[in-house]
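# Secondary and tertiary structure notes
Residues per chain are reported as follows:
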Amino acid sequence: MTRRVLIGGVAAALAAGALVTAVARSADVGDEEGKFSAADLNTMFEQYGDTSGTWLGADRTASVALSGGRTLWLFSDTFLGRPGADGSRPRNSGLISNSAIVQEDGRLGRFHFGGRASAPTALVPAPTEGEFNWIGDAAVTGGRVQVLANSYRRSGAGPLDHKLTGTMLADFSEAGLVPGPVRELPVGDRISWGSEVMAEGGRFYVYGTEGAGAMKFAHVARTAGPDLGGAWEFWNGSGWSTSEGASARLLSGVGTNYGVRRVGDRYVLVTHENNLIFSADFVAYTADSPTGPFSGPHHLFRAPEVGAGHIVYDADVHLELSRKGRLLVSYNVNNLDEAVTYADAGVYRPRFVEVKWPPAGPARGPAVPEGLTAAADGAGTASLAWRPVGGEGISYRVYRRDVTAGQTHFVRLPDDVPGSNTTYRSDFLTNGHDYEFAVTAVTARGESTLSPAAGMRATVPPPDAPGTVEVQALSDGRVTVRWGEIPFVQLVKVFHRDLTEKQRKPAEAGTFPGVSATIGPLRHGHEYEITVVAVGGGGDSPPSRGVRVTPRVAPPAAPGQPSAETRADGSVHLEWPAVAPGLSYQVFTREAGTGDWGLPGLTTRPSFDTAPLRHGREYELAVAAVNSGGLGEKSPPVRIRAVVAVPTKAPTGLKVEVEPGTAELRWRSGGARWFQVFRRDLTAGEKEFVQDGINVEGTKAAIGNLTGGHEYEFAVAEVNEAGTGPRSEPHRIRMPSAAPTSISARSDGPGTVTVVWTEIRRGLTYRVQLRDATTGESWRTDPYPVTGSRYQTALLVGGHRYEFRLQLPDGTMSATATTTVR
């Protein structure tokens, strides 16, 4: 698998929408209806990757038969874009963790992924930030496509450093692959379920892979019916259990993905040979039932790409596409030095091979070799010897089984032994492990059965420290590290230590095969020490002598012309072609005709949303890419006029709480910031709503100076620079009176009266009205306002009856109090 770069550079080739269509021309192929040769499919995918402008290459390569003769191809890590003129993969090629192509009428057509054309994402999204989904397998049931995907997170910096976190089930419509729900299945992180999904007997058998050290083991579960979302049972070695923890190993040496199909009366399991690290071989096992026991292996073919320094992995069987008498098998190709795969976009694409099936029955082979012995030697290898077999044209094959690691079947070692030689040295052993070896004799007529096994326990010292290490700083901050061939070592670890930062402990850049690796990018201008450690069966070597390097990173090139689109809130959505993976960007905005760009916005994606801009004003926006080498040149600016749309949605849920003289309003809105409050006094006969004061920020407002006892209606509306939106449904209330209660008057002395009352609303200012009821005087108002709950007056006519009342600011009158003056 490959991992994690940003998306960009393919928007022009992708149709808009969450599911995008791209059609590449390829020949109509297949000499049987609906069947395809390996050569046909190799050509088809090569042409599609070179010409579609979307799908540049991918791995996994699962196929699912759809209705109407269509085939759904499912992929894990998928590079996007088109190759360079020299056939290379451009450095700005996007990468998503899974995708799909629908094949129809002999052509690869519709390309599916998530997100938008300008910002593609995985078809099956990851459940958690920092995780990603790789495709397992899929099944069609009830017009739906159910896809199993395994969730992973990075566990280190190297290309092989990832850890399983769970298994997801995604649902799509079969007709158009319209995405439905994605949910996590109730299984753990020991087994990656979905290596294969096989329909059988009205249910699905789901195969999985358990990683245990360097070994991988097959498991199988089954569903209760034709639904991957239903209950699962797990094979425990003798029966079915509802506990995943009871799941038993079927056999060792499978890949993360492999194919299982019923062919005739046998179940055939095809896998990359994982009993050996980085093997070129693909093998088959057979059984009478989906749970085994599996016999084999049957050697199918050897992938030629390994001879060029690549790795091969993830076999699958495409039975529905296989021609008569053949199995159509796919596998994937990659290189753990990313510089190699960037140099040739064609490396990271599926390969197809046809193998004859069933294999020919056993021919009468030569005699079985006898007298096999196996012994550990001091160099960490096993020395084998046996007696020669008589006959012409004899050669020998050596088989090995790592008993300690739990290997279930003998694995064929890569090199045949010529007939004149009856000795063999087996290397790449693990210290302290028990091994069994067997030998066969081979002629043109066939192969003998295995000889009796010979056992030994490996004694493997740690490898020597790697010798000469060379480094080369690249212009983008990455560093290519090279070392010499190390005997009996297939993997090395590369470390870097930042001397500028006075880093004491080296950081691991990853684990790599071969004799070179490209690491980084590292920090611009910092001096690093690079060391290499060999990984052997006896442990890790001492580190190599440190080599110093100072990476230099040129500031990135200017992005291409951005595109801009106004949003309803006055903001602008900006998109631009990604310059290269791993960059961040600064987005500059200024009002057209001014010179100051102001402070930039920051993003790590090739898109950005500005803050709301001023309605009706014209702006210029430009983008510059940033890496550790600094800020690059700005893109050509794009000019756009900010347009704020008049609000279209009315606020909802208006509620009003009242107290004398005041109403408090609350409402709900879809995120608007400013509002207008409207009211009308029904008691006063008002017919139209009028705006109450200034605009209100937020979803609540307090309205004062309301008349007690009057009935009001209130409404609210969103407002912005473009205008006022529709009003909410009105809310009607009646204001309580704020008139004081318990008003009373008394005369405490000649010509004086004291009036007291109980305030309903504190803080009001009252005007006292009085009159001489004895003489029939009209009401008159005391010239001095009163606060509080007491009023006193003098110079009244003794023996006369006086009446008193209070007038509120809104004109409301209190009850009348009467007393006779002394």
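Coordinates for the structure precede this section.
Below is a summary of the structure that appears in this document. (Residues numbered from 1 in each chain as written. Predicted model: local features only at pLDDT ≥ 70, side-chain atom pairs only at ≥ 80, totals over all residues. Heavy atoms only, no water.)

## Digging into the overall build of the chain
For clarity, the threshold we go by: A run of H or I in DSSP counts as a helix once it spans at least four residues, and a run of E counts as a strand once it spans at least two, with each numbered from the N terminus. Only C-alpha atoms enter the radius of gyration, while the globule expectation follows 2.2 Å times N to the 0.38, with N the number of residues. Working definition: with a 1.4 Å probe on protein chains only, accessible area under 20% of the residue-type maximum means buried, over 50% means exposed, and in between means partly exposed. Working rule for contacts: check all heavy atoms of both residues, and any pair within 4.5 Å makes them a contact. To measure how exposed things are, a 1.4 Å probe is used in the Shrake-Rupley method; for residues, cover is taken only from the protein chains shown. Under this rule, positive means Lys or Arg and negative means Asp or Glu; His and the chain ends count for nothing. Charged side chains are reduced to one point each, which is NZ for Lys, CZ for Arg, CG for Asp and CD for Glu.
Each helix and strand in the chain was counted, giving two helices and 67 strands. Taken over C-alpha atoms, the radius of gyration comes to 41 Å for the chain, far larger than the 28 Å a tight globule of 822 residues would show. Seen through its C-alpha atoms, the chain measures out along the principal axes to roughly 155 × 60 × 55 Å. When burial is assessed residue by residue, the chain has 51% of its 822 residues classed as buried. Residue pairs in contact within the chain that sit at least 24 positions apart in sequence constitute 61% of those at least 6 positions apart. Accessible surface for the chain amounts to roughly 35900 Å². Of this, 50% is attributable to carbon and sulfur atoms. Between the mean site of the 82 positive side-chain charges and the mean site of the 87 negative ones, the chain shows a separation of 4 Å.

## Structural notes on the nonpolar core
The test is simple: Take the buried Ala, Val, Leu, Ile, Met, Phe, Trp, Tyr and Cys residues and link them wherever side-chain atoms come within 4.5 Å; each set so joined is a nonpolar core.
Leu384, Trp386, Tyr396, Val398, Phe437 and Met456 are the most contacted members of the largest nonpolar core, which has 23 residues in total. Sorting the residues of this core by element identifies β26 (370-376), β27 (382-387), β28 (395-402), β32 (434-443) and β34 (454-457) as the ones contributing at least two each. Beyond its immediate stretch of four places on either side in the chain, Val398 contacts Leu384, Trp386, Val411, Arg412, Leu413, Val417, Tyr424, Phe437 and Ala438.

## Some words on the sheet that holds strand β5 (residues 94-96)
Keep this limit in mind: Strands qualify as paired when DSSP identifies two bridges or more between them. To get an axis, fit a line to the C-alpha atoms, keeping to the stretch in contact for a helix; angles then go from 0 to 180 degrees between the N-to-C directions.
Strand order in this open sheet of three strands is β1-β4-β5, and the pairing throughout is antiparallel. Single-partner strands in this sheet number two, and they are β1 (55-58) and β5. If you compare each strand with its neighbour and ignore which way they point, the axes differ by 25 degrees on average. With three bridges connecting them, β1 and strand β4 (residues 78-80) associate as antiparallel partners.

## Regarding the environment of Arg401
Along the chain, Arg401 falls in strand β28. Each C-alpha atom, one on Arg401 and one on Glu529, is 40 Å from the other, the two residues being 128 residues apart in sequence. Other than its neighbours up to four places away in sequence, Arg401 contacts Gln407, Thr408, His409, Phe410, Asp434, Tyr435 and Glu436.

## Thoughts on the sheet that holds strand β39 (residues 516-519)
Overall, antiparallel pairing links the three strands, which are arranged β35-β36-β39 in an open sheet. Strand pairing shows two members of the sheet lacking a second neighbour, β35 (469-473) and β39, which therefore form its edges. Across the sheet, the axes of successive neighbouring strands diverge by a mean angle of 20 degrees, strand direction being ignored. Two strands pair when backbone bridges link them, and strand β36 (residues 479-483) and β39 are joined in this way by four bridges, in the antiparallel orientation. By the bridge assignment, Arg482 is partnered in β39 with Ser516.

## Regarding the pattern of salt bridges
Rules: A pairing counts as a salt bridge when a side-chain nitrogen of Lys or Arg comes within 4 Å of a carboxyl oxygen of Asp or Glu.
A complete count under the given rule lists 45 salt bridges for this structure. Residue Arg262 pairs with Glu200 through a salt bridge whose shortest N-O separation is 2.9 Å. Within this pair, whereas Arg262 is found in strand β19 (residues 259-263), its partner Glu200 is found in strand β14 (residues 191-200), the two being separated by 62 residues in sequence. Classification of Arg262 by relative accessible area gives partly exposed; the value is 42%. Glu200 gets classed as buried once you look at its relative accessible area, which sits at 18%. Asp288 is the salt-bridge partner of Arg266, the closest N and O atoms lying 2.2 Å from each other. Here Arg266 is found in strand β20 (residues 266-272), whereas its partner Asp288 is found in the loop between β21 (281-287) and β22 (295-302), with 22 residues between them in sequence. Exposure remark for Asp288: the relative accessible area of 59% places this residue in the exposed category.

## Quick notes on the environment of Leu770
Assignment of secondary structure puts Leu770 in strand β62 (residues 765-772). Along the sequence, Leu770 and Thr818 sit 48 residues apart, while their C-alpha atoms lie 9.6 Å from each other. Setting aside chain neighbours within four positions, we find Leu770 in contact with Ser778, Trp779, Arg780, Asp782, Tyr791, Leu796, Glu803 and Phe804.

## Regarding helix α1 (residues 38-51)
We count it as follows: How far a helix is expected to stretch is found by multiplying one less than its residue total by 1.5 Å.
Spanning 14 residues, α1 covers 20 Å between terminal C-alpha atoms, matching the ideal 20 Å at 1.5 Å per step. In this structure, the buried side of α1 is in contact with β1, β3 (71-75), β6 (99-104), β7 (107-112), β24 (326-334) and β25 (351-356). One or two steps after α1, the chain reaches Gly53, where phi turns positive at roughly 80 degrees.

## Points about the side chain of Ser63
Where we set the bar: Counting of polar contacts relies on pairs of N or O atoms within 3.5 Å, with two restrictions inside protein: one atom must be capable of donating a hydrogen and the other of accepting it, and residues adjacent in sequence are counted only when both atoms are side-chain atoms.
Among the structural elements, Ser63 can be located in strand β2 (residues 62-65). Relative accessible area serves as the criterion here: at 9%, Ser63 is assigned to the buried category. A polar side-chain atom of Ser63 sits 2.6 Å from a polar atom in the side chain of His318. Excluding residues within four positions of it along the chain, Ser63 makes contact with Thr71, Leu72, Trp73 and His318.

## Some details on the pairing of strand β51 (residues 652-659)
Bridge count between β51 and strand β52 (residues 662-668): six bridges; the pairing is antiparallel. Bridge assignment links Val656 to a residue of β52, and that residue is Leu665. Taking the residues that link successive antiparallel strands as the turn, the β51-β52 hairpin has two residues, and the phi of Gly661 there is positive, at about 85 degrees.

## Description of unusual backbone geometry
In the segment running from Gly292 into Pro293, the intervening peptide bond is cis, with an omega of 5 degrees. Along the chain, Pro293 falls in the loop between β21 and β22. Residue Pro521 is reached from Gly520 by a cis peptide bond, and omega for that bond is 15 degrees. Residues other than glycine seldom take positive phi values, yet Phe428 does so here, at roughly 55 degrees. Mapped onto the elements of the fold, Phe428 is located in the loop between β31 (423-426) and β32.

## Digging into the side chain of Ser173
With respect to the secondary-structure elements, Ser173 resides in strand β12 (residues 162-173). Taking relative accessible area as the criterion, Ser173 reaches 13% and is therefore assigned buried. A polar contact of 2.9 Å, which involves the side chain of Ser173, links it to the backbone nitrogen of Val178.

## Quick look at the packing of aromatic side chains
Worth spelling out the cut-off: By convention, a stacked pair of Phe, Tyr or Trp rings (six-membered ring in the case of Trp) has centres within 6.5 Å and planes under 30 degrees apart, an edge-to-face pair has planes over 60 apart, and any other such pair is tilted. Remark: a charge is flagged as sitting over a ring if the NZ atom of Lys or the CZ atom of Arg is within 6 Å of the ring centre and within 35 degrees of the ring normal.
Scanning all chains against the criterion turns up 29 aromatic pairs. Seen from their ring centres, Phe301 and Tyr331 are 5.7 Å apart, and the 40 degrees between their planes marks the pair as tilted. Taken together, the residues Phe301 in strand β22 and Tyr331 in strand β24 connect sequence positions 30 residues apart. You can call Phe301 buried: its relative accessible area is 10%. Consider the rings of Tyr712 and Phe714, whose centres lie 6.1 Å apart with planes at 25 degrees: the pair is stacked. By the ring-pair criterion, three or more aromatic residues cluster together here, those being Phe45, Tyr48, Trp55, Trp73, Phe75 and Phe352. Sitting over the ring of Phe79, Arg89 keeps its end group 3.5 Å from the ring centre. Taking the ring centre of Tyr342 as reference, the NZ or CZ of Arg91 above it sits at 3.8 Å.

## Observations concerning the environment of Glu320
Looking at the element boundaries, Glu320 is found in the loop between β23 (311-317) and β24. On the basis of relative accessibility, which here comes to 39%, the residue Glu320 falls in the partly exposed class. Residues Glu320 and Thr71, spaced 249 residues apart in sequence, show a C-alpha to C-alpha distance of 9.3 Å.

These results come straight from atomic positions and should not be treated as a statement about function.
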